[in-house]
Every structure is written in C-alpha cells, then in structure tokens.
Amino acid sequence: MEQLLKDLAANVGYELIPNPFDTPFEEASIEGLPDSKQFFWPVPSSVLNDKEHEEFRKMCVEADIIDTVCTTSFPWPSDENAHVAILLIDVTRRRRGSIKFVHADEWDISKDTHMAGVCNMLIHDLFPGEHLLAFQMNEDQMDIWLDEPWSHQVCVCAACDVDSLLPKDYLYEAGIPDNDTEEVCLASEVFDIRYPISAKDIAELKGTAILLSTNGLLQPQLVTPGEEVPSLYNKMLLVPEVGYHVDFAVALQLFTKEEVLRQLPISRRLTISDMWRLKLNRVGLYDFSKEERDKFYEDFLQSVKAK
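First, a word on what this report is: a plain description of the structure on this page.

Reading the values: rules and limits
- Residues numbered from 1 in each chain as written.
- Predicted model: local features only at pLDDT ≥ 70, side-chain atom pairs only at ≥ 80, totals over all residues.
- Heavy atoms only, no water.
- Core = buried A, V, L, I, M, F, W, Y, C linked by side-chain atoms within 4.5 Å.
- Buried < 20%, exposed > 50% of the residue type's maximum accessible area, 1.4 Å probe, protein only.
- Helix = DSSP H or I, 4+ residues; strand = E, 2+ residues; numbered from the N terminus.
- Contact = heavy atoms within 4.5 Å.
- Axes fitted to C-alpha atoms, helices over the stretch in contact; angles between N-to-C directions.
- Parallel < 35°, antiparallel > 145°, perpendicular 65-115°, else oblique.
- Left-handed = near helix turned anticlockwise from the far one by under 90°.
- Nonpolar A, V, L, I, M, F, W, Y, C, P; charged D, E, K, R; others polar.
- Salt bridge = Lys/Arg side-chain N within 4 Å of Asp/Glu carboxyl O.

Turning our attention to the nonpolar core. Ranked by size, the top nonpolar core spans 32 residues in total, and within it L8, F40, V118, M121 and L122 carry the most contacts. Elements represented by at least two residues in this core include exactly α1 (2–11), β3 (66–76), β4 (79–90), α3 (112–123) and α4 (139–146). In terms of residue count, α3 provides more of this core than any other element does, six residues in total. Apart from the residues within four sequence positions on either side, L122 is in contact with L8, V12, F40, T68, C70, L88, K100 and V102. Among the nonpolar cores identified, the runner-up in size contains 26 residues, and L33, W41, F101 and Y170 belong to it.

Look at α1 against α3: their axes get within 10 Å of each other, and the N-to-C directions meet at 45°. If you check the angle between α1 and α3, you find them oblique. Crossing of α1 against α3: the hand is right-handed. Residues L4, D7, L8 and N11 of α1 form the contact with α3, whose participating residues are M115, V118, C119, L122 and I123. For the contact of α1 with α3, a count of residues per class yields seven nonpolar, one polar and one charged.

Our focus in this paragraph is the pattern of salt bridges. Tallied over the full model, the rule gives six salt bridges. One salt bridge connects E54 with K51, and the closest N-O pair in it is separated by 3.6 Å. The shortest N-O distance in the salt bridge between D274 and R277 comes to 3.6 Å. Overall, the relative accessible area of 48% leaves R277 in the partly exposed class.

Here is the structure:
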C-alpha cells in the first residue's frame, strides 16, 4: 500500500510523507512532515468529518494548504471501519480559496488502468476529452469510469464553505432515487436556455424570464420584456417553455440552493450544456397553463376514442 501511494504521488508530482500510516492527523504531526511544497498525507477517512479532528480540519482549511481530498477503496490498516483518504497538501496552491474532492472509492490503484484513472482525476479538474488526458487509458476504462461519471467523482468547492472534508457531503450525486423521480425535472424541460444574449433577446421577450450569471454564483434575477439591464456580459437567459406557468419566487430561491450549485462547475464559465442537465426540484416550481391542461385532456380523450 505504501508503495502504491508513493507511485500515485510521484505520478502527479507530489511526495508521500514518511511513516504514512503512523502519522496522526493532528497539529503535533506538522513538525515531522516533509519540507516539500507538495506532499500526500494519508489519513483514515473517519477523520474527515468526526468531531475529534474538527478544529484541526478548520485550521488547515483556513490556512489554505489543502489542495485536494481523495478517498480510496483501500481499508485503513489499523481501522477496519475506515478507508484510506489522501490529503494533497500544496503550499503553492494553484487553486487558491477552493478544495478539490476526488471520489475514487470504486478504483483499485493496484491496477495500472485504475492508477491512470485516479491520476487523471487528480490532475484534471474537468474532463478534458480522451485525447487530452495526462494518462492514457483503454477504451473500456474510458467508457465505464471516466466520461459520464466524471462530474460525480470530481468536484471543486469553495474552501470557505467547507466545514467537513467528507467528499460525499460535497459531491452532488446525479442519480435520483426511484421514489424521487416525480419530484425532479431538468432545467431544460422547463426553460428555453439562451446564451450568449443581447439586448434584442430581452426586447423580444413575451413575458418574465430569469437572468443567471455564468461566472461564480448564479445570482438569479428577474427580467421583463424591454427592460434595460446594465450588462448582459456573462449572463444566461432562462425563458419558461410554452405551457409552463413558473412560480418565479420559487425559481429564484432554487437557483441559490446548495443542491443546485453543487451540480455546476465553479472553476470555469457555465455553458448551456451545464444548465441543460441541471436537476431541479419541481415541487412548486411550475404548473401547466389552463390551455396546456385543456389540450392534454383533449388529446387524452381523442386517444381513448381512437382505441
């Protein structure tokens, strides 16, 4: 295990600390850590969110020295209830003010292809396309482990929002339980998403729409036809689809909620694709217009008569 962690660290330009499984995650251990600017500090996954280590976690986050937290599939040698988690400590901090989480629990770094997959996730914040990966992988691994699930396994979060360092607290799971499917919709089902936009788009609106920022927080605001907006740079427009009566008060609140923000990248500008697959809680968000309901019942009656 120690050799595997050394290999993983070396592949991404880090150094594994001495005595990795005997160095407790506490302030007293700092003096024994390497004088390197970038190193791996393996810890039991239990220390990432327990009360005992809360103050030291907070200290590390405030010091802005944790670049990445990576959970693995391997059991901690002296604790059968915990797995090995790796803190990538980086004094240089290219990703200032944020922490990256890599959820590698289903990878086995003792296998070459899995080692390559984890290395790719540690190096690339976003999936760069198979031809741009730092470590090449065969097609089976690409299709199964990287392309689709990338956003489920890699997440960059603002450090000021991190109270715990448990990745599952911050990685938004896109899979929706069966019993929740009726309460979830895609943003693209409810809204026509327009980006980039101009004053002409605002002037030609038929009713109220929502402006979102494509940088940082969404900062939702309502806009009406012909309204003068100071700047439409880095703005995205969400126009309710025909037949959808949107409760804009609910919508504005939704776009500030953590379960929505977690689904979106914070390290780059939003795209239509990001917003297209955004999952929203549909409860209270919209109702169908009277015309749409009438049309639905008319179509239903016609289908019954046809049978």
